[in-house]
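# Chain and residue survey
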There are 2 protein chains.
Amino acid sequence: MNLENTDPSLPTFDDCLKKIRAIDDTMELLSGKWKLSILSRLCYKPMRYSEILNDIEPLSGKVLSRELKDLETNGLIIRCVSGTKPPSVTYSVSDYGMSLRDLSDKIAEWGLQHRDRIRSSFKRSDL
Amino acid sequence: MNLENTDPSLPTFDDCLKKIRAIDDTMELLSGKWKLSILSRLCYKPMRYSEILNDIEPLSGKVLSRELKDLETNGLIIRCVSGTKPPSVTYSVSDYGMSLRDLSDKIAEWGLQHRDRIRSSFKRSDL
DNA sequence: CTGTATCCAAATAGATACTG
DNA sequence: CAGTATCTATTTGGATACAG
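Now for a look at the structure at hand. None of the values given here were measured: they were computed from a predicted structure.

Next up on the list: the environment of E51(A). All names here are of chain A. Along the polypeptide, E51 turns up in helix α3 (residues 49-55). Distance from E51 to D24, taken between C-alpha atoms, is 31 Å for residues 27 residues apart in sequence. There is a polar contact of 3.3 Å between the side chain of E51 and the side chain of K45.

Okay, structure coming up:
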């Protein structure tokens, strides 16, 4: 028994694999627990290193450095140094990073409806 | 200097935090390198345990079991046992799991355009 | 066939101290 | 202030053997 579709209008297994690769590309960029969280905060307003560190409670400096570097390397955020002393470094979202905004909105949207679903299923099981 | 917006039509910082929590909810569900990959395959066709294992090369049985269990616990896939001997277990995507399809399409879409961007930036630097 | 249990290797995260 | 280096703790993954 072969459950694969044979209708040419439906996606082929090859389409499926292409999609998986594309998903992996995105997820690799966004992997790391904090990337989207950092990005969302920076979408709201530019922030300094220490500000982000204080804002995201259980986040160590080492991890933050790495996440920021990853995001910058991928062109999603911009690191801006004002050469004062003590130094001040401000991170902001690049135009390209902003192109993730629609996606992160969709992700958030699904999370919200999922939470509603969980809540209402609890209610049902309370009966 | 406070860079926060004060325009009431723009999102507040509280909106921003809510969004981040919603994103975390989604990402927690989809975390684990293989969840979306498994889900996408199952969207294409129902598959058996061993079939998935053979299909995704660098994936161990232990990890696959856990991922499948997670996905099932969250109601995203359905585990169907035909009590033959030897046993046969088929996994398929639930209606609820299908609600992730739009999202995973968006994720794939962004990945594709990102790949194009990378490629064209390589071309430019080759000049 | 479909898993689980165990053991071991590798990756990741936190804390702390330290540099420019 | 903005990081980096180091060490250690925790998490995660693979391989193998084994059970139902």
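What follows is about empty space enclosed by the protein. Under the counting rule described, the total for this entry stands at two cavities of 30 Å³ or more. The calculated volume of the largest cavity comes to roughly 50 Å³. Lining the largest cavity are K19(A), L36(B), L39(B), S40(B), C43(B), G97(B), L100(B), R101(B) and S104(B). Broken down by secondary-structure element, the contributors of at least two residues to the lining of the largest cavity are α2 (35-44) and α6 (101-126) of chain B. Sorting elements by how many residues they give to the lining of the largest cavity places α2(B) first, with four residues. Looking at side-chain class alone, the lining of the largest cavity contains four nonpolar, three polar and two charged residues. Its volume calculated, the second largest cavity comes out at about 40 Å³. Counting residues per element, the ones that place at least two in the lining of the second largest cavity are α2 (35-44) and α6 (101-126) of chain A.

So, on to the interface of chain A and chain B. With 44 residues of chain A at the interface, the matching set in chain B holds 44 residues. In total, chain A and chain B occlude about 4,400 Å² of area from one another, counting both sides; carbon and sulfur atoms represent 66% of this. It is Y44(A), Y96(A) and W110(A) in chain A that bury the most area against chain B; as a group they hold 19% of the surface buried on that side. Counting across the chain A and chain B interface gives four salt bridges. In this structure, the salt-bridge partner of D25(A) is R115(B), at a minimum N-O distance of 2.7 Å. Counting across the chain A and chain B interface gives 16 residue pairs in polar contact (both at pLDDT 80 or more). Per-element accounting of the side of chain A that touches chain B gives the leading share, 14 residues, to α6(A). For the side of chain A that touches chain B, the class distribution of residues is 21 nonpolar, eleven polar and twelve charged.

Another aspect to go through is the layout of surface pockets. If you add up the space inside the largest pocket, you get close to 560 Å³. Looking at the largest pocket, it is lined by 21 residues, and the ones nearest its centre are M27(A), S31(A), G32(A), M27(B) and S31(B). For the lining of the largest pocket, the elements supplying multiple residues, two or more each, are α1 (13-30) of chain A together with α1 (13-30) and α2 of chain B. Each residue belonging to the lining of the largest pocket can be placed in one class, and the counts come to ten nonpolar, four polar and seven charged. In this structure, the second largest pocket spans a volume of roughly 320 Å³. Along its surface, the second largest pocket is lined by 16 residues, and R101(A), P11(B), D15(B), C16(B) and K19(B) are the ones closest to its centre. Only α2 and α6 of chain A together with α1 of chain B provide two or more residues apiece to the lining of the second largest pocket. For the lining of the second largest pocket, the per-class residue count stands at eight nonpolar, two polar and six charged.

A separate point is the relation of the copies chain A and chain B. One copy of the chain maps onto the second through a rotation about an axis and a displacement along it. Expressed as a screw operation, the relation of chain A to chain B combines 0.0 Å of axial shift with a rotation of 180°, fitting to an RMSD of 0.1 Å. The relationship between the two copies is best expressed as a two-fold rotation axis. Looking at chain A, 100% of its interface residues are interface residues in chain B too, so the copies touch through the same face.

Turning our attention to the protein's contact with DNA strand C. The environment of DNA strand C is made up of 17 residues, and the closest members are K62(A), R66(A), S50(B), R79(B) and Y91(B). At 3.2 Å, a backbone N or O of P58(A) approaches a phosphate oxygen of DNA strand C. In the model, a sugar or linking oxygen of DNA strand C is placed 3.4 Å from a nitrogen or oxygen of the P87(B) main chain. Among the elements of the structure, α4 (61-73) of chain A together with α3 (49-55), α4 (61-73) and β3 (88-93) of chain B are those that each provide at least two residues to the surface near DNA strand C.

Procedures and definitions
- Residues numbered from 1 in each chain as written.
- Chains lettered and ligands numbered in written order.
- Predicted model: local features only at pLDDT ≥ 70, side-chain atom pairs only at ≥ 80, totals over all residues.
- Heavy atoms only, no water.
- Helix = DSSP H or I, 4+ residues; strand = E, 2+ residues; numbered from the N terminus.
- Polar contact = N/O pair within 3.5 Å; in protein donor to acceptor, adjacent residues only side chain to side chain.
- 1 Å grid on protein atoms, 1.4 Å probe; cavity = no way out; pocket = protein on both sides within 12 Å on 5 of 7 lines; lining within 4 Å.
- Points joined across faces, edges and corners; volume = space filled by probe spheres on them.
- Nonpolar A, V, L, I, M, F, W, Y, C, P; charged D, E, K, R; others polar.
- Contact = heavy atoms within 4.5 Å.
- Buried area = accessible area lost by both parts, 1.4 Å probe.
- Salt bridge = Lys/Arg side-chain N within 4 Å of Asp/Glu carboxyl O.
- Least-squares fit on C-alpha atoms with pLDDT ≥ 70 in both.
- Near = heavy atom within 4 Å.

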